[in-house]
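Structural overview
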Amino acid sequence: MYNNPAVPAAAGAGSGTLAMTGAGDVFWFALAAFALLALGLAIKRIIPVRGTKA
C-alpha cells in the first residue's frame, strides 16, 4: 500500500513526512493557522465585552 519507507520525523526530514499523504508543509502551516484563528475567534466570543463608560 505504501511504497515509501518510513522516515523518522526526528531525522529532520520535515513535518510533511509525519503523515505521508502527499501534502506539503504549506498545507500543514495553513491548517495550523486556520485552527489558531478559529480558537482565537471562539475565545473572543466567550469572553464578555466591556461596555464603554460614558
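Rules of the game
- Counting restarts for each chain: residues are numbered from 1 in the order of the written sequence.
- Reporting in this predicted model follows two pLDDT cut-offs: at least 70 for local features of residues, and 80 or more for side-chain atom pairs to be given and counted; totals over whole chains, interfaces and linings ignore these cut-offs and use all residues.
- Water and hydrogen atoms play no part in the side-chain values, which are based on all heavy atoms of the structure.
- Helix and strand definitions follow DSSP, with helices as H or I runs of at least four residues and strands as E runs of at least two, each counted in order from the N terminus.
- Each residue's exposure class comes from its accessible area (1.4 Å probe, protein chains only) as a fraction of the maximum for that residue type: buried when under 20%, exposed when over 50%, partly exposed otherwise.
- Where accessible areas are quoted, they stem from the Shrake-Rupley method and a 1.4 Å probe; at the residue level, only the protein chains shown are allowed to cover.
- UniProt positions are given in the numbering used here, feature names are shortened, and annotations may be inferred rather than shown by experiment.
- Working definition: rings of Phe, Tyr and Trp (its six-membered ring) pair if their centres are within 6.5 Å, and the pair is stacked with planes under 30 degrees apart, edge-to-face with planes over 60 apart, and tilted otherwise.
- Exposure above 30% relative accessible area and no salt bridge define the residues that can form patches, which grow by joining like charges within 9 Å and nonpolar side chains of Val, Leu, Ile, Met, Phe, Trp and Tyr within 5 Å.
- Any carboxyl oxygen of Asp or Glu that lies within 4 Å of a side-chain nitrogen of Lys or Arg is treated as forming a salt bridge with it.

Looking only at helices and strands, one finds one helix and zero strands in the protein. Out of the 54 residues in the protein, the part that is buried amounts to 2%. In the structure as shown, the protein presents an accessible area of about 5,200 Å², 70% of it carried by carbon and sulfur atoms.

On to the UniProt feature "transmembrane region" (unreviewed entry) in the protein, then. In this structure's numbering, the residues bearing the UniProt feature "transmembrane region" (unreviewed entry) are residues 26-43. Counting secondary structure, residues 26-43 comes out at 100% helix and 0% strand; the distance between its end C-alpha atoms is 26 Å.

Right, let's get into the packing of aromatic side chains. Following the criterion strictly, the structure yields one aromatic pair and no others. The interplanar angle of 70° and the centroid separation of 5.1 Å between the aromatic rings of phenylalanine 27 and tryptophan 28 together place this pair among those described as edge-to-face.

Residues Leu36, Leu39, Ile43, Ile46 and Ile47 make up a contiguous nonpolar surface patch of about 540 Å² in total accessible area. On the secondary structure map, isoleucine 43 appears in helix α1 (residues 25-46).

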